[in-house]
Amino acid sequence: MRSTQYFPQEAKDSLVKLEGLSFQVDTDKCIGCGACAEDCFARAITLIDGKAVHNEEKCKGCGRCVSICRQQAVHAKVADVDGAVKEMINRIEKIINFE
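Asks: Please set out the layout of surface pockets residue by residue, giving values where relevant.
Replies: To locate leftover empty space, one rolls a probe as large as a water molecule over the atoms. By volume, the largest pocket is sized at about 270 Å³. Lining the largest pocket are Ser14, Leu15, Val16, Lys17, Leu18, Leu21, Lys60, Gly61, Cys62, Met88, Arg91 and Ile95. It is helix α4 (residues 81-95) that contributes the most residues to the lining of the largest pocket, three residues altogether. Here the lining of the largest pocket is composed, by residue class, of seven nonpolar, two polar and three charged.

Asks: An account of the environment of Val16 is needed here, citing residue identities and associated values.
Replies: Take Val16: it is sitting in the loop between α1 (9-14) and β1 (21-25). In this structure, Val16 is in contact with Lys60 and Arg91, ignoring residues within four places of it in sequence.

Asks: So what about unusual backbone geometry? Which residues, and what values?
Replies: Generally, phi is negative for residues other than glycine and the peptide bonds are trans, each holding for most cases. Here the phi dihedral of Asp49 falls at roughly 55°; this positive angle occurs in a residue that is not glycine. Here Asp49 is to be found in the loop between β2 (45-48) and β3 (51-54). With relative accessibility at 77%, the residue Asp49 sits in the exposed group. Positive phi, close to 55°, is recorded for Gln72, a residue that is not glycine.

Asks: Tell me about the environment of Ala37, residues and numbers included.
Replies: With respect to the element layout, Ala37 can be found in helix α2 (residues 35-39). Sequence separation between Ala37 and Cys65 is 28 residues, and the spatial gap between their C-alpha atoms is 7.7 Å. Not counting the four nearest positions on each side in its chain, Ala37 is found in contact with Arg43, Ile45 and Thr46.

Asks: Lay out the environment of Gln24 in plain terms, naming residues and giving numbers.
Replies: Among the secondary structure elements, Gln24 is positioned in strand β1. A C-alpha to C-alpha distance of 24 Å links Gln24 and Phe7, two positions 17 residues apart in sequence. Dropping the residues within four chain positions of it, Gln24 is found in contact with Ala73, Val74, His75 and Lys77. One polar contact links Gln24 to Ser22, side chain to side chain, over a distance of 2.9 Å.

Asks: Describe the pattern of salt bridges, listing the residues and the values that go with them.
Replies: Tallied over the full model, the rule gives three salt bridges. Salt-bridge contacts for Glu56 lead to Lys17; the nearest nitrogen and oxygen are separated by 2.6 Å. Of this pair, Glu56 sits in the loop between β3 and α3 (64-68) while Lys17 sits in the loop between α1 and β1, and the two are 39 residues apart along the sequence. Given a relative accessible area of 30%, Glu56 falls into the partly exposed group. Of the charged contacts in the structure, one is a salt bridge between Arg91 and Glu87, with a shortest N-O distance of 2.6 Å. Linking Arg91 with Glu87, this pair stays in helix α4, spanning four residues, or about one helical turn.

The rules we used
Residues numbered from 1 in each chain as written. Predicted model: local features only at pLDDT ≥ 70, side-chain atom pairs only at ≥ 80, totals over all residues. Heavy atoms only, no water. 1 Å grid on protein atoms, 1.4 Å probe; cavity = no way out; pocket = protein on both sides within 12 Å on 5 of 7 lines; lining within 4 Å. Points joined across faces, edges and corners; volume = space filled by probe spheres on them. Helix = DSSP H or I, 4+ residues; strand = E, 2+ residues; numbered from the N terminus. Nonpolar A, V, L, I, M, F, W, Y, C, P; charged D, E, K, R; others polar. Contact = heavy atoms within 4.5 Å. Buried < 20%, exposed > 50% of the residue type's maximum accessible area, 1.4 Å probe, protein only. Polar contact = N/O pair within 3.5 Å; in protein donor to acceptor, adjacent residues only side chain to side chain. Salt bridge = Lys/Arg side-chain N within 4 Å of Asp/Glu carboxyl O.

This is the structure:
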């Protein structure tokens, strides 16, 4: 499967973006190919005036846009790496018993 856009709706709804995670588009690198917008199941990226524009409100934080951009124009940033790691550990501990 090439794209997360084909995820079952239940899988899409279960994704919750990490606190402090954000995505930016470098408009100098973006060539407007639309690969990121086409592949975003959350429809958080649109093309405006030939450049990708990211909508943080719609974003689920899957990071597919970063990996699919051949121009390396989309970047993920984490405001607090230690906090994000703790949040991920807490999420994992809720579903996996480590005893």
